Amino acid sequence: MSAYLRIVRGDATPEELAALVAVLATRQAAPEPAVVPRSQTWRNPARAMRKAAAPGKSGWRMSALPR
């Protein structure tokens with residue numbers, strides 16, 4: 001295992017090292033919140049348009065009924 005923290009100069013006590021590690025651990029960047037894409041289909045005007053009436057047994061009835 002390699003060391004993540006290396007003392008270049010001076011003689012740090014174990015308490016000082018523990019304080020430094022605690023400060024560095026709290027300074028980690030918080031993860032960015034996940035971006036949830038919003039659906040834009042709810043405000044699409046084409047959504048309100050009726051579909052074409054399909055020919056068939058009840059096609060004439062479905063042509064007058066809203067969906």
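Residues numbered from 1 in each chain as written. Predicted model: local features only at pLDDT ≥ 70, side-chain atom pairs only at ≥ 80, totals over all residues. Heavy atoms only, no water.

K.L.:
How should the overall build of the chain be read in this particular structure?
P.N.:
Within the chain one finds two helices and zero strands. The buried share among the 67 residues of the chain stands at 1%. Within the structure as shown, the chain displays about 7,200 Å² of accessible surface, and the carbon and sulfur contribution to it stands at 60%. (Helix = DSSP H or I, 4+ residues; strand = E, 2+ residues; numbered from the N terminus. Buried < 20%, exposed > 50% of the residue type's maximum accessible area, 1.4 Å probe, protein only. Areas by Shrake-Rupley, 256 points an atom, 1.4 Å probe, with all protein chains shown as cover.)

K.L.:
I'm lost on a nonpolar patch on the surface in this one. Help?
P.N.:
A cluster of nonpolar side chains, namely Tyr-4, Leu-5, Leu-20, Val-21 and Leu-24, defines an oily patch on the protein surface of about 530 Å² accessible area. For Leu-20, the location among the structural elements is in helix α1 (residues 14-26). (Patch = residues over 30% accessible without salt bridge, like charges linked within 9 Å, V, L, I, M, F, W, Y side chains within 5 Å. Salt bridge = Lys/Arg side-chain N within 4 Å of Asp/Glu carboxyl O.)

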